[in-house]
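Commentary on secondary and tertiary structure
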Amino acid sequence: MTSMEAESVATIVCTSKQTRFNIGTLNYRELDIEGLNIIVKSAPTPGAKGKAKAKAKGEGTEILSNAKLRIKAGQRYALIGRNGTGKSTLLKAIAEKLIPGIPEETRITILQQTGVEDDNADEGPVPAPSKGEGEGDGLTVLEEVIERATAKQEVQKEINILSNGVDGVDPFGALRAFRKIHHERLQKELFLKDKDARLRSGARGMQARKSLVAMEKKAAEFQREYEQKDEDISPETLADETSRAADMLADLQLQVEPEKLAETESKAKKILAGLGFAEPRMAQRVSSLSGGWKMRTALVAALLQDTDILILDEPTNFLDLLGIIWLQRHLAALAESSAPPTLILVSHDRDFISSACTDLLILKDKDLTAFHGDLPAYESSRAEKKAHLTKMKEAQDRQKEHVQQTIRRNMREGKARDDQNRIRQAKSRQKKLDNRWGLEVGARGGRFKLNRDLAGYHAAARADVEVPRDERRVRLALPEPAELRFPGALISLEKMSFRYAGDGAEGNATTPLVLKDVSLSVGMGDRVGILGLNGSGKSTLVQLLAGEAKAPKGGAVTKHPRLKLGYYAQHAVDTLRKLGQADPELTALGLLMKEASGERQHQQEEQQQQQQEEKGEGEFRALLGSLGLPGRLASSVPLRALSGGQLVRAELARIMARGRPQCLVLDEVTTHLDYETVAALREALRGWTGAVVLVSHDRWFVRGVVEGITEDGEDSEEEGEGERVGVGETRGRRVVYRLKAGVMSVLEGGVGEFEKGVERRVRKMESL
């Protein structure tokens, strides 16, 4: 275990209300849990001595407080919430059945989000497996997914034990093999009973502990049989258990019969192909794969298993659009099956959520809210509800103010004229205003009457209308680009070709071209989108634009003399994680300060240097705050403890701190962000005056940034596609390119045209 892992060890503590019903009789594909509380407690610091026990009891981060988790069988839920609210913790608690109320018999499959990197996920051919690859120590991709779905190795292990005993010459061999397998199964069941007893409380906790005691007694009794000597075993027992061993062997062999395994293998190959695995990659050992391909392997294994509840945490992170659309259609087909699993999905891709899910689970303010519909419908419903309540509040306030003015006037006039009737009337109205305001409607919908309706409705009904407060929106502010001083294209590519090393110094073309005769010009204010499937050359192209790749093999790359370019690499988050592991105390602010100090002149007076450092720290704090890392997140929390979304913000700040770039080249910048931060970044890039070159599989993000499509589907710009305005103005060309096998072409129909082409390809794959 690394130090990073050791520090990240935490305990998830879950409690919920108990029920008098037998939850074992419920549908295992649904959950109905009330009063759910989840707290994450960090592991005690090694070497730390006892502190105040009362304080230790309350330590921990509260994820949910008195929440209701209601999951209906067969529905497809999108779990949404901001980074850091505890979505992954909730999913882990469900998957590991840490929540009291989840039956142990429920089959739950989870794909967990992990911080893995996917080296060269977009480039290069699939290497052929070397001699012996897929044999020996590790399983191949195909073997791995089949093993996870069928537990083939575990079954085969039991078959081997029984076969050796039944077919051996030892007359007690079959009995010993049967007892060995029974002993191992009892130990597993004992572990589950112990876990169940520790998780439950109240009446069900007492029942669980009774069940545990009974299982411990059963295991202890069998232990004596397991350790029994041959001479103490009666002939009747020997004959009975030998027969039972043969029956068990026959049952296990049915589970791995060739026909059943062939059906599972065929299904596995279909899913692997849909998620981008070519035949050579299916034959690779899992241990030889990069992180992204390992995640895809885990996704295939999750989709292949028979389960009651399927949990997918960011399944699209390492998929191209072909894989995303295939997964959309696969989940839709799964929902149409005879007994579809209940799906819980986390994703930042709004188009994917809208197509794959029927309901939302909103994790906010330590509570869970269910909504039937997609994300746009939810946002529209919230806006409509707020508008309605705002109007009601304004009307109620006007009415209340009118009544108060009348009371004041009557009281004033009554005192002036010594009119006791008017004074009593004013006091009566004031009493009604104080005690019965808001009780205009009774329980049955008719007019409220004091002697009939006050009891039982007084406390809840007389409150003023409350308009829900807007949650503080995620906002990202990008610094304006530095002045160019004179016009000209920022970057130009002229018939550029590129191939990776392997062609030799003499230039013989032994490796294929990754890019072929690519021409591209990017000017101030332009929005350029580059779409393509994995392996099409997108990352190579943006690396050339950013100067991160070697010189092209043909053509030329020219840049504006005063160009400052900001490049967000596909694996920027993994790079920051490595920096954080190398320096455990390094913070986002510290990183910016460290990199800035390295660029300063060494020949400075001490006072001047101190003033410059103070000024730099203030500027860096403001920059980090504008990009979503305010206060202590920037200066106190180390990089190694930041989430993926926070590291994306740190990398954007790192890019901007090097100078105010006129052009941003962004390669899969949305991968680790939550949906609200994706929306905020989309809005920030839409209004930024510099140029943006964007590579992304997020269709909604590309449509908004590059094509200028707003939420209502209308183009936000009056200028047509292909028009460019002068230097210093905010609007430039909007163009979407497709990169296929190294050849780049303009997509006149934009993202929609590319999406339709991919959908046709997916349908063709499904028909094979």
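Residues numbered from 1 in each chain as written. Predicted model: local features only at pLDDT ≥ 70, side-chain atom pairs only at ≥ 80, totals over all residues. Heavy atoms only, no water.

1. Here's the deal with the sheet that holds strand E11 (residues 515-522)
Across a sheet, paired strands are connected by hydrogen bonds in the backbone, their directions being either parallel or antiparallel. Put simply, the rule reads: What makes two strands pair is DSSP finding at least two bridges between them. Put simply, DSSP marks the helices as runs of H or I at least four residues long and the strands as runs of E at least two long, and each gets a number from the N terminus on. For helices, the axis comes from a line fit to the C-alpha atoms of the stretch in contact; other axes are also lines fit to C-alpha atoms, and the angle between any two N-to-C directions lies between 0 and 180 degrees.
Spatial strand order, E11-E10-E13: three strands in an open sheet with antiparallel pairing. The strands lining the two open edges of the sheet, one partner per strand, are E11 and strand E13 (554-559). With strand direction ignored, the average angle separating the axes of adjacent strands in the sheet is 15 degrees. By the bridge criterion, five bridges tie strand E10 (residues 491-498) to E11 in an arrangement that is antiparallel. Residue pairing across strands places Leu 493 opposite Leu 520, the latter belonging to E11.

2. Brief notes about the pattern of salt bridges
Any two side chains of opposite charge can pair, so long as their charged atoms come close to each other. Operational definition: Within this document, salt bridges are pairs made up of a side-chain nitrogen of Lys or Arg and a carboxyl oxygen of Asp or Glu, the two lying within 4 Å of each other.
For the structure on display, the rule yields 21 salt bridges. Each of Glu 595, Glu 651 and Arg 654 takes part in salt bridges that share partners, so that together they form one network.

3. Side note on the environment of Arg 179
This is how the line gets drawn: We call two residues contacting when some pair of their heavy atoms lies within 4.5 Å.
Along the chain, Arg 179 turns up in helix H6 (residues 173-199). The sequence separation of Arg 179 and Glu 225 amounts to 46 residues, and the corresponding C-alpha distance is 8.3 Å. In contact with Arg 179, not counting residues within four places along its chain, are Phe 222, Glu 225, Tyr 226, Gln 228, Ile 233, Thr 237 and Glu 241.

4. So, the confidence of the model for the protein
What counts is decided by this rule: pLDDT gives the predictor's per-residue confidence on a scale running from 0 to 100.
Confidence along the protein averages 78 in pLDDT terms, with 78% of residues attaining 70 or more. Every residue in residues 45-58 is under pLDDT 50, and counting partners more than four places away or in other chains gives one contact.

5. Some points on unusual backbone geometry
Note the threshold: Working definition: with a 1.4 Å probe on protein chains only, accessible area under 20% of the residue-type maximum means buried, over 50% means exposed, and in between means partly exposed.
Notably, Lys 97 is not glycine yet its phi reads approximately 55 degrees, a positive angle. When you line up the elements, Lys 97 lands in the loop between helix H3 (87-95) and strand E5 (108-111). For Lys 97, a relative accessible area of 12% puts it in the buried group.

6. Re the sheet that holds strand E8 (residues 359-364)
The strand order across the open sheet built from six strands is E5-E6-E7-E4-E8-E9, with neighbouring strands paired in mixed fashion. In this open sheet, the two strands that pair with only one neighbour each are E5 and strand E9 (367-372). Pairwise comparison of adjacent strand axes, ignoring direction, gives a mean angle of 20 degrees for this sheet. Inspection of the sheet shows strand E4 (residues 76-80) paired to strand E7 (residues 342-346) by three bridges, in the parallel sense. Pairing of Arg 76 across the sheet is with Leu 343, part of E7.

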